[in-house]
Amino acid sequence: MMTRQKLARSTILGGMLILPGPLAISVYAADASDTSRPVSHPHRAGKSLSTKPEELAVFGHGSTRQMTSVTRTMMRQSVPGTSPLKVLGQLPGVLYQSADPFGAYEYSSQIFMRGFSQSQLGFTLDDIPLGDQQFNNYNGLSVTRSIISDNVGDVDVSQGAGAIDVASTSNLGGAIQIHSLDPSHKRGGTVSQTFGSNSAMRTYIRLESGDLNKSGTRFYVSYARTNMNLWKGGGYDYSDQVNAKLVQPLARNSSLKLFFDWSSTQQFDYQDMTTNYLHTVGPKLANYYPDYTAAYKAAQGTYPASFLATNDPFDAAYYAGTANRVDYLGGLTLDENLTDRLNWKTTLYGHADTGYSSWTTPYMPSPNGAPLSQRIQTPQVARGGFQTALSYTIARNTINAGVWYEYGNFNEGRYFTEAPLLGQGTLGNPTNGFPRDKVFAHPWQEAFSSNTFVFHLQDTYKITDQLTVNAGFKSMIVNAGNDVSTQNTSINGSQVAQGRLEASNAFLPQLSANWRFLPHHELFFDVSHNMRSFPEDGYGTNVSATPWTASQTAFQSTKDTLRPETDWVYEGGYRLTMPRVSVLTSLYRINFSNRLQLITSQAGINPVTAVQNVGGVTTNGAEASVTIRPVDGLSIYNSFSYNHSTYDENVSSGGVLYQTQGKLIPNYPSFMYKGNISYSIGRFAVHLDGSYLSKRQLTYTNDLHVPGYFLANFGARYSFGTIGFLKNLTASFNIYNLANKTYIATTNELGNNFVNTGYNYFLMGAPRQFFGTITANF
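Moving on: the overall build of the protein. On a plain count of helices and strands, the protein comes out with seven helices and 38 strands. Relative to the 2.2 N^0.38 estimate, which gives 28 Å for 778 residues, the radius of gyration of the protein is 25 Å and therefore close to what a compact globule would have. With respect to the three principal axes, the spread of C-alpha positions in the protein is 75 × 65 × 55 Å. Total accessible area computed for the protein in this model is approximately 27900 Å², and 58% of it derives from carbon and sulfur atoms. Side-chain charges of the protein comprise 56 positive and 53 negative groups, with the mean position of each set lying 6 Å from the other.

Below, the structure written as structure tokens:
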């Protein structure tokens, strides 16, 4: 699935809940690291979570920065298989969007925090870096393919600035650290089966070895299969995934842990929408698959009747867009307490990714005379590295120092394969294999290599029992470059640049503090300076501001003056932690310098794209969260967030001066409200959650926006206890999009234009969906 601008889509991949009335769907134009890890994680100590109220999150008691931990108990409110990032969408300042109910469709999956997109955040899994989570990931792996959601223990979120020791070169605006569950000390297992809308079926099984010896050696192996049809049009989302984890306890409460992940994913695309398509064909516009005849005739200029009312019937739909990916991810962590004061922690990791993606294009006819062909891309990632750090406690100081190194390769090529003539076969299911025997053109092939080195040093100084200060810095060097072995300008239209760039800064400081001025009452503040390395991409296959999309001449003229994005983040807040109530409030300011944007213009199969420095962005914001537990089993959560992010100056592009000064940044709402009510009594639990987003801008000049909306979700669960050999047999039922709201979800999958061009793309959110799950232990 590919619009004329879709060069990016070439790889896989509460207190009172106020329910506003229906909102008409439309688009309106012009109108410390705290080394002590203060947030407790009961499951890591082997404690049962069953007696805990199913509240949304744990606020970071004792942390010197804004920290929130989403627990496994909360994640159980979602349908099994739901992306952990989607669960984070209930946190203040966090926006998560996806076109599918699980959040598994990677092209549409996006997360923002305080105005920063996912490519400007940091992500790790058990200290393994996951890169910047862009769709065409060159330096990491998506969360959903990194770990089976059932195996996630908890997720720590820093909305303001990531800790100094987070392994990321992109976290300008915060970090998300995912922790996997450890194996159980008891032999047994878990089975789970989910059924739901769109013929959804998901199977999960986990086998536990239990303690194998007196030292506590144990492991688990788990498998998950997900298969569900798209909610509109033909095609499906299918995945197989295997996780395994081994824990070997060592002396002095040390440990050696090994984690492994294998995933295989096949996905069909949802068609991108424009305002014109939405108002003419409607929100259920979809690709032609599996109707090859309709796609063939459309390529010849004969369209379905409903398409004739659009401004561009040629691009309203294609035969199919698909993705097929296989990944291997592994990490080995030694957490060694050398003495009662000295800890040494080292993680070794490796990741390999391979596969292909396809788009049936009417812009490239086949040599046999067919008016379309299949465009194939073959991304491959191979990377490995290590982190190692020492922590030493002396008097009231905990000093932590460490290094992170990674070497990465990203290789990608584009091919065109022949489509059959009408009446002589069809393209069938494009996920069934790369048809190498039908290749008739190879427009380009490129390979990136990168070396990443980061050093950090910090000290957590407990001045008094009530006052803690964390201070430190990190030094970062990322050297990356590409080699383009094949460039066919007769197909590509232009050549992209080759060469190497280095993003470096020897001193990126951070200072934070926590003051418990009364029992249960804390004040905190954090100031940090951050940098993001240059993203790698040479042919616009991603929505990323990468210098390598430029021509060789432009690249050479700017490589010595181009500077990576940097910012200063300031935040301060108040935290109240009591058995019956938790409160978190914060104020923040961000001064973003040298913001690089991918500017797209014109319509067509090869739109004009360029990376441009759009100057600075100033952000001021506020967030507040309250969790009340008035009686045992009842948890009421509300959060409110306000963000005002504007450009500091006007921007000149292509000889045109665009009035961007004072305009809001695209894609992120100024106001969000989230609420959750959950109640547990005996074996029964029920919850209702809702979220409201204000309007989001689609253009840099704010002459086009999508309306705000409110979504509500419902879930219930009942445990039948032990029946035969099955323990804790549980049935759960979830309704996503309870009011069946029609709404716009993803808005920046193809980048943003300066003004309303008519080709401003977005994806629709899923309608109401029903899911039921049976789970049991044995």
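Still to come is the rest of the account.
Tracing the chain through its elements places L584 in strand β25 (residues 581–593). Relative accessible area serves as the criterion here: at 2%, L584 is assigned to the buried category. It is 47 Å that separates the C-alpha atoms of L584 and G655, two residues lying 71 residues apart in sequence. Setting aside residues no more than four positions away along its own chain, L584 makes contact with F59, Q66, T68, F524, Y574, R575, E623, A624 and S625.

The next subject is the pattern of salt bridges. Summed over all chains, the structure comprises 20 salt bridges. The partner of K245 in a salt bridge is D126, with the nearest N and O atoms 4.0 Å apart. Of this pair, K245 sits in strand β13 (residues 236–250) while D126 sits in the loop between β6 (122–125) and β7 (128–129), placing them 119 residues apart in sequence. An identical accessibility class is assigned to K245 and D126; each is buried. The shortest N-O distance in the salt bridge between R206 and E208 comes to 2.7 Å. Assigned by exposure class, R206 and E208 land together as buried.

The next subject is the pairing of strand β32 (residues 671–681). Consecutive side chains along a regular strand alternate between the two faces of the sheet. With nine bridges joining them, strand β29 (residues 634–647) and β32 adopt antiparallel strand pairing. Note on β32: the bridge partner recorded for S635 is S678. Bridging between β32 and strand β33 (residues 684–693) involves 10 bridges; their strand directions are antiparallel. Note that in β33 the partner of Y679 across the bridge is V686. Here β32 folds back onto β33, and the loop between the two strands holds two residues, one of which, G682, carries a positive phi near 60°.

Turning our eyes to something else, we now look at a nonpolar patch on the surface. Residues L212, F219, V221, L246, L250, L256, L258, L332, L348 and F386 make up a contiguous nonpolar surface patch of about 760 Å² in total accessible area. Elements that contribute at least two residues to the nonpolar patch include exactly β12 (218–229), β13 and β14 (254–268). Its location among the elements puts L246 in strand β13. The exposure class assigned to L246 is partly exposed, which follows from its relative accessible area of 33%.

So, about the confidence of the model for the protein. Of the residues in the protein, 91% reach a pLDDT of 70 or more, and the chain-wide mean stands at 90. Across residues 1–26, where pLDDT falls below 50, the model places 139 contacts with residues more than four positions away in sequence or in other chains. Predicted confidence for residues 602–608 stays below pLDDT 50, and this span has 23 contacts to residues more than four positions away or in other chains.

Turning to the environment of S306, a few remarks are in order. Secondary-structure assignment places S306 in the loop between α5 (292–299) and β15 (321–337). Measuring from C-alpha to C-alpha, the distance between S306 and V281 comes to 5.9 Å, with 25 residues separating the pair along the chain.

Attention now goes to the packing of aromatic side chains. For the structure shown, the criterion picks out 37 aromatic pairs. Taking 6.4 Å as the distance between ring centres and 45° as the angle between the ring planes, the aromatic pair formed by F386 and Y405 counts as tilted. Taken together, the positions of F386 in strand β18 (residues 380–394) and Y405 in strand β19 (residues 397–418) put the pair 19 residues apart, joining distant regions of the chain. Given the relative accessible area of 31%, F386 is considered partly exposed. The interplanar angle of 50° and the centroid separation of 6.4 Å between the aromatic rings of Y759 and Y761 together place this pair among those described as tilted. A relative accessible area of 16% means that Y759 is categorised as buried. Every member of this aromatic cluster is reached through a ring pair, and the members are Y236, F268, Y289, Y292, Y296 and Y319. When the ring centre of Y588 is taken as reference, the NZ or CZ atom of R114 above it lies at 4.1 Å. Over the face of the ring belonging to Y220 we find R206, whose NZ or CZ atom lies 3.6 Å from the ring centre.

Another point: unusual backbone geometry. In the segment running from Y289 into P290, the intervening peptide bond is cis, with an omega of 5°. Along the polypeptide, P290 turns up in the loop between α4 (275–280) and α5. We note that R114 has phi near 50°; this positive angle belongs to a residue other than glycine. Following the sequence through the fold, R114 ends up in the loop between β5 (110–113) and β6. In this structure, D127 takes a positive phi of about 75° despite not being glycine. Tracing the sequence through the fold places D127 in the loop between β6 and β7. On the basis of relative accessible area, D127 is assigned to the partly exposed category, the value being 22%.

As a further point, take the side chain of N470. Here N470 lies in strand β21 (residues 467–487). Judged by its relative accessible area of 0%, N470 falls in the buried class. Polar contacts involving the side chain of N470 include one to the side chain of Q458, which spans 3.2 Å.

The element α5 is largely enclosed, with a buried count of six among its eight residues. Every buried residue belonging to α5 is among Y292, A294, A295, Y296, A298 and A299, and all of these are buried. Where α5 starts, the residue carrying a side-chain oxygen 3.3 Å from the main-chain nitrogen of T293 turns out to be D291. One or two steps after α5, the chain reaches G301, where phi turns positive at roughly 105°.

Attention shifts here to the sheet that holds strand β9 (residues 175–180). Paired through their backbone hydrogen bonds, the strands of a sheet run either parallel or antiparallel. Within the open sheet, the six strands sit side by side as β2-β3-β8-β9-β6-β7. Their pairing is mixed. Pairing within the sheet leaves two strands with one partner each, and these edge strands are β2 (58–59) and β7.

With that out of the way, let us pick up the pairing of β13. Bridge count between β12 and β13: 12 bridges; the pairing is antiparallel. By the bridge assignment for β13, R218 is matched with V247. The hairpin turn running from β12 into β13, its antiparallel successor, is six residues long, and G233 in that turn takes a positive phi close to 75°. What sits between β13 and β14 in their antiparallel hairpin is a turn of three residues, with R252 showing a positive phi close to 60°.

Conventions used here
Residues numbered from 1 in each chain as written. Predicted model: local features only at pLDDT ≥ 70, side-chain atom pairs only at ≥ 80, totals over all residues. Heavy atoms only, no water. Helix = DSSP H or I, 4+ residues; strand = E, 2+ residues; numbered from the N terminus. Rg over C-alpha atoms; globule rule 2.2 N^0.38 Å. Areas by Shrake-Rupley, 256 points an atom, 1.4 Å probe, with all protein chains shown as cover. Lys, Arg positive; Asp, Glu negative; His and termini not counted. Charge placed at Lys NZ, Arg CZ, Asp CG, Glu CD. Buried < 20%, exposed > 50% of the residue type's maximum accessible area, 1.4 Å probe, protein only. Contact = heavy atoms within 4.5 Å. Salt bridge = Lys/Arg side-chain N within 4 Å of Asp/Glu carboxyl O. Pairing = 2+ DSSP bridges. Patch = residues over 30% accessible without salt bridge, like charges linked within 9 Å, V, L, I, M, F, W, Y side chains within 5 Å. pLDDT = per-residue confidence, 0-100. Phe/Tyr/Trp six-rings, centres within 6.5 Å; stacked < 30°, edge-to-face > 60°. Lys NZ or Arg CZ within 6 Å of the ring centre and 35° of its normal. Polar contact = N/O pair within 3.5 Å; in protein donor to acceptor, adjacent residues only side chain to side chain.

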